[in-house]
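What follows is each chain in one-letter form.
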Amino acid sequence: MPKWGMVIDLNKCTGCGSCVNACRMENNIPVVGAEAAQEGRTMDWMQIITEYDGEYPNVRITHIPRPCFQCGNAPCVIVCPVHATFVNEDGLVGQVYYRCIGCRYCMNACPYTAKCFNYFKPETPKEYEVLLNPDVTRRMNGVVEKCSFCHHRLALAKDTARYEEREVREEDYQTACLEVCPTKAITFGDLDNQEHEVHHLMHSNRAFRLEESLGTDPKVYYLKREDK
Amino acid sequence: MNKMKLSIVRSGGRLLLVSFLTTLLIRCNSNEEIVQPIEYNHYVHFNDVGLDCTDCHLGVEDKINATIPTIEICSSCHEDMNGESEAEAQVVEAVSNEDEIPWQRIYVLPDHVFFSHRRHVKSGKISCKVCHGEVENLHSPPRKQIVPITMGRCMKCHDNKSISNDCITCHV
């Protein structure tokens, strides 16, 4: 079984936010409006965390794009009372919306605040309905959701690969955030595949994972920012 | 004071009744029979004309969706009458007007489920019968799912054939 993972190079990330937008479009993420956003009810699966170092005027800014880390030992899975979230055989952390009861234990348990709650019914103005992605269901209000590593693309990739009677190749399955990144800061693929770049990057000496000491075993690696 | 309480109780009761009736209505609706605009006949085309399922449902072997045939497919044979049934006359008229026939879908999965025909028909070598019943012997369009699609059925077969049954292989 492949172990799908991601490496994000913080040297390359400019914080432009393309990935955040691409993710919204790909996954039919609702826009909650200014007022709800003030109350912290935004739904972004991919978020850019900005870190400031130093005192003005010598500030160093680091942008950290944060998807769901698809932890191997996921805290959200441990606390879910209804098995709506689980680690599947591809190493992805699944979220079954119709199973979810909206208790939000998982949101609390996630040390990376990767999960968000649907406070509102999904609503799309008629003229925007053509923009919805038919491959991804829209979540109803009252359930928790999170970045899925675009696993609907994996389902399609597996289907195509089987149809063409071959294995899933890495280029078949790439996430939406990666596709739009103008600086190519994101690399995605099978972490165990020694032929793929993602495998080399994760073993680079700049590589680290967020809050590694918690033992969550995230499948998203970062490459430390280094000033030249 | 008492009056107010009474009216609350009353309106509460009414609400209950209304919600009960709506649930009943929704329940009935889901079992409602679907009537197609034209009395299409699978038996004639499969057995007498000798068409194969793939001649009309173009996607079953190579696509995710089976697709219901467009009027173009009918037009290759129905520019003029072959028999004398009324249903055929309707088809001939639709062909001459180049109108799409507004077929209703009977087998529809909710949008949170991923299902691929080619995966099951071509790779899995499962015959249509297993999931759709004996369509080739139908003299009129099915009014409801002959073999209902339920998650239980999908999972049972997957279990038997050792196919992945992990929730997100089907749920997107």
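Bear in mind that the values here come from a model prediction, so they are computed numbers and not experimental data. (Residues numbered from 1 in each chain as written. Chains lettered and ligands numbered in written order. Predicted model: local features only at pLDDT ≥ 70, side-chain atom pairs only at ≥ 80, totals over all residues. Heavy atoms only, no water.)

(A) View of the overall build of chain B. A count of helical and extended segments in chain B gives nine helices and zero strands. Secondary structure elements in chain B, listed N-terminal to C-terminal, are α-α-α-α-α-α-α-α-α. A burial count over chain B gives 23% of its 172 residues as buried. Put simply, 62% of the contacts in chain B that link residues at least 6 apart link residues at least 24 apart. (Helix = DSSP H or I, 4+ residues; strand = E, 2+ residues; numbered from the N terminus. Buried < 20%, exposed > 50% of the residue type's maximum accessible area, 1.4 Å probe, protein only. Contact = heavy atoms within 4.5 Å.)

(B) Geometry of the overall build of chain A. For chain A, the helix and strand inventory stands at seven helices and 10 strands. Taken against the 2.2 N^0.38 rule, which gives 17 Å for 228 residues, the C-alpha radius of gyration of chain A at 18 Å falls within 12% of a compact globule. Expressed as lengths along the three principal axes of its C-alpha atoms, the size of chain A is roughly 55 × 50 × 40 Å. Counting the 228 residues in chain A, one finds 47% classified as buried. Taking the contacts inside chain A whose residues are at least 6 apart along the sequence as the reference set, 61% of them involve residues at least 24 apart. Surface exposure of chain A reaches about 11,900 Å², of which carbon and sulfur atoms provide 49%. Taken as two groups, the 26 positive and 32 negative side-chain charges of chain A have centres that lie 3 Å from each other. (Rg over C-alpha atoms; globule rule 2.2 N^0.38 Å. Areas by Shrake-Rupley, 256 points an atom, 1.4 Å probe, with all protein chains shown as cover. Lys, Arg positive; Asp, Glu negative; His and termini not counted. Charge placed at Lys NZ, Arg CZ, Asp CG, Glu CD.)

(C) Inspection of the pairing of strand β10 (residues 220-223) of chain A at higher detail. Residue and element names in this part refer to chain A. Here β10 shows no split at all, with Val220 and Tyr222 on one side and Tyr221 and Leu223 on the other all buried. Where strand β1 (residues 4-9) and β10 come together, four bridges link them in parallel fashion. Each bridged residue has a counterpart across the sheet, and for Met6 the counterpart in β10 is Val220. In this sheet, β10 lies alongside strand β9 (residues 207-208) in antiparallel orientation, the contact comprising two bridges. Each residue of the ladder has a partner; that of Ala207, found in β10, is Leu223. (Pairing = 2+ DSSP bridges.)

(D) Just the interface of chain A and chain B, in detail. The partner chain B presents 18 residues to the 22 residues of chain A that form the contact. Taken together, both faces of the contact between chain A and chain B bury some 1,800 Å²; the carbon and sulfur share is 58%. Taken together, the connections running from chain A to chain B amount to one salt bridge. In this structure, Arg118(B) and Asp159(A) form a salt bridge, with 2.7 Å as the shortest nitrogen-oxygen distance. Counting across the interface, chain A meets chain B through nine residue pairs in polar contact (both at pLDDT 80 or more). When residues of the side of chain A that touches chain B are traced back to their parent elements, those giving at least two are β5 (93-95) and α5 (151-163) of chain A. Per-element tally for the side of chain A that touches chain B: the top contributor is α5(A), with nine residues. Here the side of chain A that touches chain B is composed, by residue class, of eight nonpolar, seven polar and seven charged. (Buried area = accessible area lost by both parts, 1.4 Å probe. Salt bridge = Lys/Arg side-chain N within 4 Å of Asp/Glu carboxyl O. Polar contact = N/O pair within 3.5 Å; in protein donor to acceptor, adjacent residues only side chain to side chain. Nonpolar A, V, L, I, M, F, W, Y, C, P; charged D, E, K, R; others polar.)

(E) Focus on helix α5 (residues 86-97) of chain B. All names here are of chain B. When the terminal C-alpha atoms of α5 are compared, their 17 Å separation across 12 residues agrees well with the 16 Å that a helix rising 1.5 Å per residue should span. Those residues of α5 that fall on the buried side of the exposure criterion are Ala87, Glu88, Val91, Val92, Ala94 and Val95. Buried residues of α5, viewed axially, fall in a sector of 160°; they line one side. Structural note: α5 exposes Glu86, Glu93 and Ser96 on the side pointing more than 90 degrees away from its buried face. Looking at the residues trailing α5, positive phi occurs at Glu98, about 55°. (Expected span 1.5 Å × (residues − 1). Arc of directions from axis to C-beta.)

(F) Here's a closer look at the sheet that holds β10(A). Taken in spatial order, the four strands make up an open sheet running β8-β1-β10-β9 (chain A), and their pairing is mixed. In this open sheet, the two strands that pair with only one neighbour each are β8 (186-190) and β9 of chain A.

(G) Geometry of unusual backbone geometry. Residues and elements named next belong to chain A. Along the chain, Tyr56 connects to Pro57 via a cis peptide bond; the corresponding omega equals 5°. In this fold, Pro57 is placed in the loop between β2 (47-53) and β3 (60-66). Positive phi outside glycine occurs at Lys184, with the angle close to 55°. Positionally, Lys184 belongs in the loop between α6 (176-180) and β8.

(H) Examining the packing of aromatic side chains more closely. Here the structure, examined in full by the defined rule, presents 10 aromatic pairs over all chains. Ring geometry for Phe69(A) against Tyr222(A): centres 6.0 Å apart, planes inclined by 75°, an arrangement best described as edge-to-face. With Phe69(A) in the loop between β3 and α3 (75-79) and Tyr222(A) in strand β10, this residue pair connects regions lying 153 residues apart in the sequence. Accessibility classification places Phe69(A) together with Tyr222(A) in one group, the buried group. Pairing Tyr40(B) with Trp103(B) gives two aromatic rings, centres 6.2 Å apart and planes at 75°, and the pair type is edge-to-face. With a gap of 63 residues between them, Tyr40(B) in the loop between α1 (2-30) and α2 (42-48) and Trp103(B) in the loop between α5 and α6 (117-123) connect regions that are remote in the sequence. A connected cluster of aromatic rings, assembled from ring pairs, spans Trp4(A), Phe149(A), Tyr173(A) and Phe188(A). Here the guanidinium or amino end of Arg104(A) rests over the ring plane of Phe117(A), the centre of that ring lying 3.8 Å away. Above the face of the Tyr97(A) ring, Arg139(A) is positioned so that its terminal group lies 5.7 Å from the ring centre. (Phe/Tyr/Trp six-rings, centres within 6.5 Å; stacked < 30°, edge-to-face > 60°. Lys NZ or Arg CZ within 6 Å of the ring centre and 35° of its normal.)

By themselves, these figures tell us nothing about what the structure is for.
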